[in-house]
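Coordinate inspection notes
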Amino acid sequence: MTNMSTPATPANAAAKAPPAGPRKIPAPRTLPESQPFWDAADAGRLLLKVCLDCHAPHYYPRDICPHCQSDRTEWRDASGLGTIYSFSTMGKGEAAWTLAYIRLDEGVTMMSNLVDCDPREVEIGQRVKVVFKPSDGGYAVPMFTPA
Ligand SMILES: [Zn+2]
């Protein structure tokens with residue numbers, strides 16, 4: 001027998017769903033080579049890896065420099081300042097969140113979120129600064145807000 005019940009329409013499906021509420025930030029998945037990055041984020045510091053051979057910074061953090069394959073890299077504090085390269089708002093209402101690529105002043109690009117601002121009032125090229133947001137049971141996550 002086929003199920004004769006009426007398929008849920010989007011309207012009554014939404015009525016049955018619990019309210020979405022503010023978006024929870026998922027706990028970041030970490031790798032051993034990025035552990036210092038997350039420990040620093042919990043302490044409110046943004047770290048970048050810099051190569052001691054070609055002197056270029058990179059992100060995300062790796063043991064081997066992606067520019068010259070050197071294994072001589074070290075952690076350095078980043079300014080936490082940058083500009084919006086691109087952004088896009090997902091979801092609706094208070095569950096909405098804004099994904100963004102941020103070009104840090106050090107020259108690397110981070111994928112993160114824009115927070116504590118109305119995404120309708122931000123624009124590409126705008127100056128931003130890092131803020132650290134607690135995740136759901138994990139490390140604080142670096143995100144960005146207008147500077
Ligand atoms: Zn290098």
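Above this text sits the structure in question.
In short, a report on the structure. (Residues numbered from 1 in each chain as written. Predicted model: local features only at pLDDT ≥ 70, side-chain atom pairs only at ≥ 80, totals over all residues.)

Some points on the environment of serine 70
Rules: Secondary structure counts use DSSP, requiring at least four H or I residues in a row for a helix and at least two E residues in a row for a strand, with both numbered from the N terminus. Remark: C-beta atoms are placed from the backbone, and a residue is labelled buried if 20 or more other C-beta atoms sit within 10 Å of its own, exposed if 12 or fewer do, or partly exposed between those counts. Working definition of a contact: two residues with C-beta atoms, positioned from the backbone, lying within 7 Å.
Structurally, serine 70 can be placed in the loop between β2 (57-58) and β3 (73-77). The class of serine 70 is partly exposed, set by 14 C-beta atoms lying within 10 Å. Sequence spacing of serine 70 and aspartate 53 is 17 residues, and the spatial spacing of their C-alpha atoms is 6.7 Å. Once you skip the residues sitting within four places of it in the chain, serine 70 turns out to touch Cys51, Asp53, Cys54 and Cys65.

Some thoughts on helix α2 (residues 35-42)
Under the convention used in this document: In this description, the arc belongs to the directions extending from the helix axis to the C-beta atoms.
All buried positions along α2 are accounted for by Phe37, Trp38 and Ala41. One side of α2 holds all its buried residues, which, seen down the axis, span an arc of 90°. Once α2 ends, the next one or two residues include glycine 44, with phi positive near 80°.

With respect to unusual backbone geometry
A cis amide bond links tyrosine 59 with the next residue in sequence, tyrosine 60, at an omega value of 5°. Within the element layout of this structure, tyrosine 60 appears in the loop between β2 and β3. Although it is not a glycine, glutamine 69 adopts a positive phi angle of roughly 65°. Secondary-structure assignment places glutamine 69 in the loop between β2 and β3. Exposure remark for glutamine 69: the 10 C-beta atoms within 10 Å place this residue in the exposed category. Of note in the backbone geometry, aspartate 116 takes a positive phi value of approximately 55° without being a glycine. Structurally, aspartate 116 is set in the loop between β6 (109-114) and β7 (127-133). Using a count of 10 C-beta atoms within 10 Å as the deciding quantity, one classes aspartate 116 as exposed.

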